Amino acid sequence: MGARMLGWVLVLAACVGCDDGAVPGPSEPAPFLEGLPTASLYVSAAGSGFVYALDQRTFRATKLVPGTYPTITPDGRLVTVDGRGLVEWTPGEPGSRVIVPLAIGGPGTPRFDDTFRMPAVSPDGRFVAYDDGLGGLYIVNRSSGDLLASFVGENVFVGFEHATWGAENLLVFSGRSEDAGLYRSSPPWTSHEPISFLYPAPRWPSISPDGTEMLVMHGDDLFRTDIDGRLKGGSATPTFLGYDPFWLTDGAGIGYVRFFDGYVDDVILLTSDGSPALSLLGERPAWLFDTAIGLGPGIGVR
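Basis of the calculations
- Residues numbered from 1 in each chain as written.
- Predicted model: local features only at pLDDT ≥ 70, side-chain atom pairs only at ≥ 80, totals over all residues.
- Heavy atoms only, no water.
- Helix = DSSP H or I, 4+ residues; strand = E, 2+ residues; numbered from the N terminus.
- Contact = heavy atoms within 4.5 Å.
- Areas by Shrake-Rupley, 256 points an atom, 1.4 Å probe, with all protein chains shown as cover.
- Core = buried A, V, L, I, M, F, W, Y, C linked by side-chain atoms within 4.5 Å.
- Buried < 20%, exposed > 50% of the residue type's maximum accessible area, 1.4 Å probe, protein only.
- Pairing = 2+ DSSP bridges.
- Axes fitted to C-alpha atoms, helices over the stretch in contact; angles between N-to-C directions.
- Phe/Tyr/Trp six-rings, centres within 6.5 Å; stacked < 30°, edge-to-face > 60°.
- Salt bridge = Lys/Arg side-chain N within 4 Å of Asp/Glu carboxyl O.

**Observations regarding the overall build of the protein chain**
Scanning the protein chain from N- to C-terminus turns up two helices and 25 strands. Here the analysis covers contacts within the protein chain between residues at least 6 apart in sequence; of these, 45% occur between residues at least 24 apart. For the protein chain, the computed accessible surface area is about 12,600 Å², with 54% contributed by carbon and sulfur atoms.

And the structure:
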């Protein structure tokens, strides 16, 4: 539940003011004052340091704001990560607001404010969960930036990551290595419990917009489950190096990211029953191959 769907890498270039069918090219950032485009995937390109809105139908890309790991809040704002920390952009307003400032700690002292990865905003818009990529998962107050709860592994080889929100601010996340598996925690997030799953070490949970289902990865297979991890109809969808599943907000489909090669990943969109519907690289939008900006994680849907 919520708009943020976990990280992916994609080589991007921008098209601003291009007609459908035209060959897009690099451009200056589009004005952010007009608000966020709808029916878009929000992606980041680390080489450029910018977030882009990518239209799901035409693949036109619009450069928006600096940052990585884009996620859309319930009230239509954009949360990203940049050199200042965890940041929020508001359509119709100039500038941005820092939710949690970056504060680098010393060696061996992981903190909630020294690394930000995979932010996810709660359904009521009040909280942000993110991980640090080193086994620590944190929940902060979106308004004040105060740390409310955390789940931290004993070392960088264990711990927790990949948070997704459900109804009534239920938080579901996956574990690393010895902590492998799915977990859930309810407010005030002082404890967590495992979610049973048919196979060991599932990862990349993603709760549906209505809070009743999950997408879960196990190996290269994509599973659809209820909120308690029980499989729902049909067989798994083989993805071949897939990861980071996500839901389209209109409920008409799902998607995932697939490792393609060392330079660019593919984005696969599926119908609601799991049938293949579209491959981004299969469409071969000209701008994707004409200009290589760099690699960067993060995906949001609106």
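**Description of the nonpolar core**
Among the nonpolar cores identified, the biggest contains 25 residues, and Leu86, Val100, Tyr130, Val140 and Leu222 are the most heavily contacted of them. Residue contributions to this core peak at three residues, all from strand E22 (residues 253-258). What Tyr130 contacts, discounting residues up to four positions off in sequence, is Leu86, Val100, Phe112, Thr115, Phe116, Arg117, Met118, Pro119, Gly136, Leu137, Tyr138 and Val140. Within the second largest apolar cluster, 14 residues are counted, among which are Leu137, Trp165, Leu171 and Trp189.

**Observations concerning the sheet that holds strand E5 (residues 68-72)**
Reading across from one edge, E5-E6-E7-E8 is the order of the four strands in this open sheet, with antiparallel pairing throughout. Two strands lie at the open edges of the sheet, namely E5 and strand E8 (96-101), each paired on one side alone. For this sheet, the mean angle separating the axes of adjacent strands, direction not counted, is 25°. Examined bridge by bridge, strand E7 (residues 85-89) and E8 share five bridges and lie antiparallel to one another. Note on E8: the bridge partner recorded for Glu88 is Arg97.

**Some points on the packing of aromatic side chains**
Tallying each qualifying case throughout the model produces 12 aromatic pairs. Between Trp165 and Trp189 the ring centres are 5.8 Å apart and the planes differ by 80°, which places this aromatic pair in the edge-to-face class. Of this pair, Trp165 sits in strand E13 (residues 160-165) while Trp189 is found in the loop between strand E15 (181-185) and strand E16 (193-195), placing the two residues 24 residues apart along the sequence. Trp189 shares its class with Trp165; the two are buried. Cluster of aromatic residues (ring-pair linked, three or more members): Phe151, Phe160, Phe173 and Tyr183.

**A few points about unusual backbone geometry**
The omega torsion across Pro187 and Pro188 is 5°, close enough to zero to call that bond cis. Secondary-structure assignment places Pro188 in the loop between E15 and E16. With a phi close to 60°, His162 is a non-glycine residue in the positive phi region. Tracing the sequence through the fold places His162 in strand E13. The class for His162 is buried, based on a relative accessible area of 1%. Its identity is not glycine, yet Trp189 carries a phi of approximately 60°, on the positive side. Take Trp189: its relative accessible area is 5%, and that puts it in the buried class.

**Things to note about the pairing of strand E11 (residues 136-141)**
The buried fraction of E11 is high, at five of six residues. Here strand E10 (residues 127-131) runs beside E11; their pairing, made up of five bridges, is antiparallel. Within E11, the residue paired with Tyr130 across the bridge is Tyr138. The antiparallel pairing of E11 with strand E12 (residues 147-152) creates a hairpin that spans five residues between the two strands, and Gly145 there sits at a positive phi of about 80°.

**Observations regarding the environment of Pro200**
Mapped onto the elements of the fold, Pro200 is located in the loop between E16 and strand E17 (203-207). For Pro200, a relative accessible area of 61% gives the class exposed. When the C-alpha positions of Pro200 and Ala180 are compared, they lie 7.8 Å apart, and in sequence the two are 20 residues distant.

**A few points about the sheet that holds E15**
Judged by pairing direction, the sheet is antiparallel, and its four strands sit side by side in the order E13-E14-E15-E16 without closing on themselves. Either end of the sheet is taken by a strand with one partner, and the two such strands are E13 and E16. For this sheet, the mean inter-axis angle between neighbouring strands, taken without regard to orientation, is 35°. Pairing analysis gives four bridges linking E13 to strand E14 (residues 171-175), with the strands arranged antiparallel.

**Some remarks on the pattern of salt bridges**
Within the structure shown, the criterion is met by 17 salt bridges. In this structure, the salt-bridge partner of Glu88 is Arg77, at a minimum N-O distance of 3.1 Å. Here the residue Glu88 occupies a position in strand E7, and Arg77 occupies one in the loop between E5 and strand E6 (78-82), the gap between them amounting to 11 residues. In this structure Glu88 comes out as buried when scored by relative accessible area, which is 3%. According to the relative accessible area criterion, Arg77 is partly exposed, its value standing at 28%. Among the salt bridges present, the one from Arg230 reaches Asp226, with a minimum N-O distance of 2.9 Å. Looking at Arg230, the relative accessible area reads 53%, which means it is exposed. You can call Asp226 buried: its relative accessible area is 15%. Bridged by salt links that share partners, the residues Asp75, Arg77, Glu88, Arg97 and Arg142 form one connected network.

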